[in-house]
Amino acid sequence: MLKFIGDAILVKFTDRKKAQKCSNELIDKNKEFKNLKTSFKTFSISIKIVLASGKWKEFILGSEKRADIFLSGNIFRAIAENEKNIETDVIKDIGIIPSTKYLQDKIKVNKLITPLSFLPIDLLSIASEISFGEHRPVSCLFIKVTGYEIENPDFDILDNFFLNLMEIVEKYQGFLQLTDNVQSEGCKIFILFGAPVSYGNDVFRAVQSGIEIMNIQEKYKSLSIAVSINSGYVFAGMIGDERRRKYTVIGDVVNTASRLVDTLNPGEIVVSKDVYRLTSRYMEYKKIDSVKVKGKEQEVERYIPEEIKDQIIYEYSFIGRNEEREIIINNLVKGNRFIYIKGDAGIGKTRLIDEIEKEIVLKDFTIIRAKAESLKQAYGIFAEMIQKMSGIEESDSGEEKKNKLQNYLNKFSGEIKKHFILILPILGKILFNIDYQESIYNQLSPEIRKENLLDGIRYFIEMHIEPICVVIDDFHFSKNEDIEALNFLSRTLILLSKKKISFFISSRPDSRELTTDKKIDRVEIELEPLCEKLVEKLILNILGGKPLENDLYNLLLSRTSGNPLYIEQFLLYMIEKNLIVLKDDSWIRCSAYREDDLPESLFSIILARIDQLQEKIKQSIRLASIVGIEFKEDIIEKIMERNVHLELQSAENEGIIDFKNRLELEYIFSHSLIREVIYESILNENRKILHRLVGQIIEDIYKTNIHSNSPFLL
Ligand SMILES: Nc1ncnc2c1ncn2[C@@H]1O[C@H](COP(=O)(O)OP(=O)(O)OP(=O)(O)O)[C@@H](O)[C@H]1O
Ligand SMILES: [Mg+2]
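Small disclaimer: the values here were computed from a predicted structure and weren't measured. (Residues numbered from 1 in each chain as written. Chains lettered and ligands numbered in written order. Predicted model: local features only at pLDDT ≥ 70, side-chain atom pairs only at ≥ 80, totals over all residues. Heavy atoms only, no water.)

1. Section: the domain arrangement of the protein
- Partitioning the protein into domains gives domain 1 (3-308), domain 2 (322-526), domain 3 (532-593) and domain 4 (602-713).
- Once you take the C-alpha centre of each, domain 2 and domain 3 turn out to be 39 Å apart.
- Contacts between the two partners involve four residues from domain 2 and, on the opposite side, four residues from domain 3.
- Interface area lost by domain 2 to domain 3 is led by A345, G346 and I347, which between them contribute 93%.
- Class assignment of the residues belonging to the side of domain 2 that touches domain 3 gives a composition of two nonpolar, two polar and no charged. (Domains from an automatic or database assignment. Contact = heavy atoms within 4.5 Å. Buried area = accessible area lost by both parts, 1.4 Å probe. Nonpolar A, V, L, I, M, F, W, Y, C, P; charged D, E, K, R; others polar.)

2. Remarks on the pattern of salt bridges
- Summed over all chains, the structure comprises 55 salt bridges.
- One salt bridge in this structure joins K171 and E212, with 3.1 Å as the shortest N-O distance. Taken as a pair, K171 in helix α4 (residues 155-171) and E212 in helix α5 (residues 202-215) lie far apart in primary sequence, 41 residues in all.
- Taking the relative accessible area as the measure of exposure, K171 reaches 42% and is therefore partly exposed.
- A salt bridge links R337 to D521, with the shortest nitrogen-to-oxygen separation between them at 3.4 Å. One end of the pair, R337, is in strand β17 (residues 337-342); the other, D521, is in strand β21 (residues 521-526), and 184 residues separate them in sequence. (Salt bridge = Lys/Arg side-chain N within 4 Å of Asp/Glu carboxyl O. Helix = DSSP H or I, 4+ residues; strand = E, 2+ residues; numbered from the N terminus. Buried < 20%, exposed > 50% of the residue type's maximum accessible area, 1.4 Å probe, protein only.)

3. Remarks on the sheet that holds strand β25 (residues 657-661)
- Reading across from one edge, β24-β26-β25 is the order of the three strands in this open sheet, with antiparallel pairing throughout. Only two strands of the sheet have a single neighbouring strand rather than two, namely β24 (630-632) and β25. Recorded for the sheet is a direction-independent mean angle of 35 degrees between the axes of neighbouring strands.
- Pairing geometry for β25 and strand β26 (residues 666-669), over four bridges, is antiparallel. By the bridge assignment for β26, D658 is matched with I668. (Pairing = 2+ DSSP bridges. Axes fitted to C-alpha atoms, helices over the stretch in contact; angles between N-to-C directions.)

4. Some thoughts on the site of ligand 1
- Not every one of the 20 residues close to ligand 1 is listed here, only the nearest: I319, G346, T350, R508 and E568.
- In this structure, an oxygen atom belonging to ligand 1 sits 3.0 Å away from a side-chain N or O atom of R281.
- Here an oxygen atom of ligand 1 sits 2.7 Å away from a polar atom, N or O, in the side chain of R508.
- Isolated, ligand 1 exposes 630 Å² of accessible area, and the fraction of that covered by the protein chains is 93%.
- Those elements giving two or more residues to the shell around ligand 1 turn out to be α9 (349-362) and α17 (564-576). (Near = heavy atom within 4 Å. Polar contact = N/O pair within 3.5 Å; in protein donor to acceptor, adjacent residues only side chain to side chain. Areas by Shrake-Rupley, 256 points an atom, 1.4 Å probe, with all protein chains shown as cover.)

5. Brief notes about the pairing of strand β11 (residues 187-193)
- Most of β11 is tucked away: seven of the seven residues are buried.
- Both faces of β11 are covered, namely the face carrying C187, I189, I191 and F193 and the face carrying K188, F190 and L192.
- Of the strand pairs in this sheet, strand β9 (residues 134-146) and β11 are connected by seven bridges, and their pairing is antiparallel. Among the inter-strand pairings, C140 is bridged to a residue of β11, identified as L192.
- Where strand β10 (residues 175-180) meets β11, five bridges bridge the pair, whose relative direction is antiparallel. What sits directly across from D180, in β11, is K188.

6. Digging into the side chain of S625
- Secondary-structure assignment places S625 in helix α19 (residues 615-627).
- Among the residues examined, S625 registers a relative accessible area of 0% and is labelled buried.
- Reaching out from S625, the side chain makes a polar contact with the backbone oxygen of R622 at a distance of 2.7 Å.
- Contacts of S625, omitting those with residues within four sequence positions, involve F669, R675, I678, Y679 and I682.

7. A word on empty space enclosed by the protein
- Tallied over the entire structure, the rule returns eight cavities of 30 Å³ or more.
- The volume enclosed by the second largest cavity comes to roughly 60 Å³.
- Surrounding the second largest cavity, P137, V138, S139, D202, V203, S231, G232, L278, E600, S601 and S604 form its lining.
- Breaking the lining of the second largest cavity down by element, the ones donating at least two residues are β9, α5, β12 (224-241) and α18 (600-611). (1 Å grid on protein atoms, 1.4 Å probe; cavity = no way out; pocket = protein on both sides within 12 Å on 5 of 7 lines; lining within 4 Å. Points joined across faces, edges and corners; volume = space filled by probe spheres on them.)

8. Concerning the nonpolar core
- Membership of the largest hydrophobic core comes to 64 residues, with the highest contact counts inside it found for I539, L548, L571, I621, F631 and I657.
- Two domains each put at least three residues into this core: domain 3 (532-593) and domain 4 (602-713).
- If we skip the residues at most four places from it in the chain, I539 touches L548, Y553, L556, I567 and L571.
- Formed by 47 residues, the second largest nonpolar core is a distinct cluster that contains Y459, M463, I483 and I501. (Core = buried A, V, L, I, M, F, W, Y, C linked by side-chain atoms within 4.5 Å.)

9. Considering the environment of Y573
- Within the secondary structure, Y573 sits in helix α17.
- In this structure the C-alpha to C-alpha distance between Y573 and D597, which are 24 residues apart in sequence, comes to 9.4 Å.
- Not counting residues up to four positions away in its chain, the partners in contact with Y573 are R277, L579, D597, L598, P599 and E600.

10. A closer look at the sheet that holds strand β20 (residues 501-507)
- One open sheet accounts for five strands, arranged β18-β19-β20-β17-β21; its pairing is parallel. On the outer flanks of this sheet lie β18 (366-371) and β21, each paired with one strand and no other. With direction set aside, neighbouring strand axes in the sheet form an average angle of 15 degrees.
- In this sheet, β20 lies alongside β17 in parallel orientation, the contact comprising five bridges. Residue pairing for β20: I339 is matched across the bridge by F504.
- Where α9 meets the sheet, it contacts β17, β18, β19 (468-473) and β20, and its direction lies at approximately 160 degrees from that of β18.
- Packing against the sheet, helix α10 (residues 380-390) makes contact with β18 and β19, and its axis sits at approximately 135 degrees to β18.

11. Looking at the packing of aromatic side chains
- Following the criterion strictly, the structure yields 19 aromatic pairs and no others.
- The interplanar angle of 50 degrees and the centroid separation of 4.9 Å between the aromatic rings of F59 and F155 together place this pair among those described as tilted. Of this pair, F59 sits in strand β6 (residues 57-62) while F155 sits in helix α4; the two residues are 96 residues apart in sequence, bridging distant segments of the chain.
- The class for F155 is buried, based on a relative accessible area of 3%.
- Ring geometry for F161 and Y220: centres 5.6 Å apart, planes at 80 degrees, overall edge-to-face. Residue F161 is found in helix α4, and its partner Y220 is found in the loop between α5 and β12; the two are separated by 59 residues along the sequence.
- Taking the relative accessible area as the measure of exposure, F161 reaches 3% and is therefore buried.
- By relative accessible area, which is 11% here, Y220 ends up buried. (Phe/Tyr/Trp six-rings, centres within 6.5 Å; stacked < 30°, edge-to-face > 60°.)

So, in structure tokens, the structure goes:
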């Protein structure tokens, strides 16, 4: 098997007769896959076979880190074109395809490629343990590459392009799914975001990388590229058996993304309506004409991403949080505090920071703010602080960065600035890769460089006009080096500096502890869900002051449990998908409304947290989701046939589950949506098996006392 291309397989034979025999057997075998009855509906699987002989080229593109086989030749064009025009369940033998400029088959061997180079890192760490297929939201990015000669492609250009592409994909934590060479023109490259591992903001990362991919077009003038992005739910998992397995995503979302790229001219990038909906908060878009694509009744809407919005504009006014706001402002005004707000994803940490920032700006605070991100390297948050304050752009050259920093420094005077200037060549090199003449950077040991770097960051913050507030949002994404650095900075700046300096940090639940010196005044605030009254207000705000039908309101209340992001995402999803409509001045549900509909954005955010768990822990948690919102350790243990205490402990540390009763080892999912997402991600078929298993075990355990535990019975 040469390639598994989504819904197609490319197989190479050295003997034509065997290929013909194999084709016949496949058509025959497929008769067994007609009228497959499932609980959902009756399916039929159809296949088409195109048989061709000829010569082609095989290259290995990429590096040791990530490589793929690239095929090129007239034969693939012929296969692609014929496949389009034949009926299902037939074999079309198109004979020998002549190759005009055939040169020798060339496999580039001067690379350090190993079998592992063909597998992405994300998958490597979990591949051996993946036992379930999953239902999950993903973003699919297709790149159509044309412009090269199919019979005689320039290997070096393609290889450099591919290497460049992989750099971008890696930066945005995408996943090269496949290079599809069976095309009538050029090839298609499929990059996946959100599977096998989700990082929570997968759709936006797909769009950002799409824009960056378009930008490298400049460098490869002989190639033409176009990009399309679509997102939604797919089946994701390993298919095949021990002889040959592949991680695959299957679904309409993938097909539509692929068809969408076919509608584009070279140099164009478009996203689908779902991508637009999920990212329009961060990104400016221009809508262009919709198109008809194969396999879709309705025209597909298309949007061109233009630029990232500078600022997220909140559409709904801020509500509640008075007490927290007061405590934080009072402490900031007193100064020299370490304020730490913790809370679940979407509970309102960033929003609270934004509101407080607005207030303290009026009190003449200098605010130095950054945001930890999983994409950032160690010390990246501190680089961001310096970058933002001095107006440096990512795309600036080294010289420009140096000048901007210098201009910024010119605004300051005094001893602290002098200290900073002494360290600048070392800090500049580490954080921005700027070369300074006569820098002693090269003579320093890594340990001393790090000490200098930390001192540099310290002086940078300290040289500003007091009162100073250092804000770091999303600290749970920080690297371990950042925790250590923050510890040093808070100690030196809060305890030793003569200036009024405070730190204001936000984080989701994090199993790593963020310690501070005992002498520091530390204020810790746990943000709780909004109370019912505020939820009602928020819902009204989002729905433009018009109320929601009563039972929908109650449903929303119970599903979102006072989490503002969940409330907002649910409502927007329901409006945009036309699941609710405004009628006679109130919002009512439409016939298409399904109780188990979950907005993809929430699904990804929650899955991202689950994906960070080790596979073993994930398995236990999946099973727990089958048992219900509450579950006992002994049930999980019985089914898993192993001690799961430490696994559940980790899940508890990560805030996925809470203790309901510590003595009885009884747990509860920390949010009903967390349970729902895990449950929904399990495929129907597996769910049924697991339910049966859980039922049996519960019966066994509680044989004598079945009624008192009956809520567990499913
Ligand atoms: N008190 C509030 N009043 C109105 N809207 C709110 C409030 N709190 C949060 N929201 C809204 O809910 C959404 C999620 O809030 P926010 O982004 O602040 O969450 P977060 O805790 O920072 O989440 P994450 O951990 O994902 O960063 C935002 O759109 C925000 O505007
Ligand atoms: Mg936030």
